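Descriptive structure summary
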Amino acid sequence: MTSQQNCPAEDIHHSERRKARPTRRAILAGALALTLSAGGATAWALDRFVVQHIEIADVSAYEAAQGVSSGTTAADSTASVTDTSYADDGTNIRISTVTTGSGDSTVTYYVADVVLDDATTLKSAFANDSFGENITQTTSEIAAAHNAIFAVNGDYYGFRDTGIVIRNGVVYRDEGARQGLAFYRDGTVKVYDETSATAEQLVADGVWNTLSFGPAIVQDSRIVDGIEDVEVDTNFGNHSIQGEQPRTAVGLIGTNHLVFVVVDGRSPGYSAGVTMTGLAQIMKDLGAQTAYNLDGGGSSTMYFNGSLVNNPLGANRERGTSDILYIGE
């Protein structure tokens, strides 16, 4: 977020509310050019936050070489699909819309109740099927490229160079920095301290995916204290995550039973967004034993059966992100 919001740097400006919206990189580049001195500092910042740095150009091939399927198979004709549900081989998805409040205090959010046949059915995918920094596509574009029936935005790992990144059982980064979330092959989900773990050990312990954003907002079915004061990052344009904002969260209800929530925001009369505590209350009320905050703001997106479920920033326009969590058809 930004210095005041839960998304990367171009959310510094609320220009997304206008019809003409510059791109993520254009806004960030402009802000850097204005705020940083000319010469080396500007060049460094542009290189760090704007220029793509591709470390692995073909993630599908990279994972296939390690025995992981890309998840791009054709749709299963035996699956049962409606506008708000999906059922196939023990995997079930039910999507609902919730609206609370009135007037400018209206909040609209979307809930996906997901039961998996196996924990590895929930996969991760990267923008442009590439791993590195500043590589972006919309959630819908990434989802379509992987034949996803359902997807939400991930942790925007590509905006930073820290964190433990394990996706589909494969280690991509091992730079512990914050509170992470680990999805295990046995269907459990746990919050952990990245600085006290290694990616190698996590994989050995059965971790299938990790997320590195946070914070945890529900633990042991209780709302976590102090979540309004957490700083996810200390780099440019991504400090605090306070206030009423669009949000994305994932929670564990029980083994192989997950709940995903996307809250729209910054759209008075449609959805104002929620605070971190408000998000935690939603997750607790849905029965989450554990819940974790993901990248939000313009990144907050839910996708189902080829279409957007939510209405990002009230403009039905997605902003690019670096990764998604998805369930393939």
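Above this text sits the structure in question.
Structural notes, computed from the coordinates. From a predicted model like this one, the values you see are computed outputs, not experimental measurements.

This part is about the overall build of the chain. Looking only at helices and strands, the chain has 6 helices and 21 strands in total. Within the span of the chain, comprising 329 residues, buried residues form 55% of the whole. Sequence-distant contacts in the chain: of pairs separated by 6 or more residues, those separated by 24 or more amount to 72%. In the structure as shown, the chain presents an accessible area of about 12700 Å², 48% of it carried by carbon and sulfur atoms.

Here we take up the environment of Ala87. Mapped onto the elements of the fold, Ala87 is located in strand 3 (residues 85-88). Spatially, the C-alpha atoms of Ala87 and Val115 are 9.4 Å apart, while their sequence positions differ by 28 residues. Those residues in contact with Ala87, other than ones at most four positions away along the chain, are Ala79, Ser80 and Asn92.

Turning to the sheet that holds strand 20 (residues 307-308), a few remarks are in order. Pairing within the open sheet is antiparallel, and its 5 strands lie in the order 6-21-8-19-20. One side of each edge strand has no neighbouring strand; the edge strands of this open sheet are strand 6 (122-126) and strand 20. The pairing of strand 6 with strand 21 (residues 323-328) spans 5 bridges and is antiparallel. By the bridge assignment, Phe126 is partnered in strand 21 with Asp323.

Once that is clear, we can look at the pattern of salt bridges. All told, the structure shown has 3 salt bridges when counted by the stated rule. Of the charged contacts, one joins Arg94 and Asp113 as a salt bridge, the two residues approaching to 3.5 Å between their closest N and O atoms. Taken as a pair, Arg94 in strand 4 (residues 91-100) and Asp113 in strand 5 (residues 107-115) lie far apart in primary sequence, 19 residues in all. Residue classification places Arg94 among the exposed positions, given a relative accessible area of 54%. Overall, the relative accessible area of 16% leaves Asp113 in the buried class. Residue Arg167 pairs with Asp323 through a salt bridge whose shortest N-O separation is 3.0 Å. Of the two residues, Arg167 sits in strand 9 (residues 163-167) while Asp323 sits in strand 21, which places them 156 residues apart along the sequence. Asp323 shares its class with Arg167; the two are buried.

Thresholds applied
- Residues numbered from 1 in each chain as written.
- Predicted model: local features only at pLDDT ≥ 70, side-chain atom pairs only at ≥ 80, totals over all residues.
- Heavy atoms only, no water.
- Helix = DSSP H or I, 4+ residues; strand = E, 2+ residues; numbered from the N terminus.
- Buried < 20%, exposed > 50% of the residue type's maximum accessible area, 1.4 Å probe, protein only.
- Contact = heavy atoms within 4.5 Å.
- Areas by Shrake-Rupley, 256 points an atom, 1.4 Å probe, with all protein chains shown as cover.
- Pairing = 2+ DSSP bridges.
- Salt bridge = Lys/Arg side-chain N within 4 Å of Asp/Glu carboxyl O.

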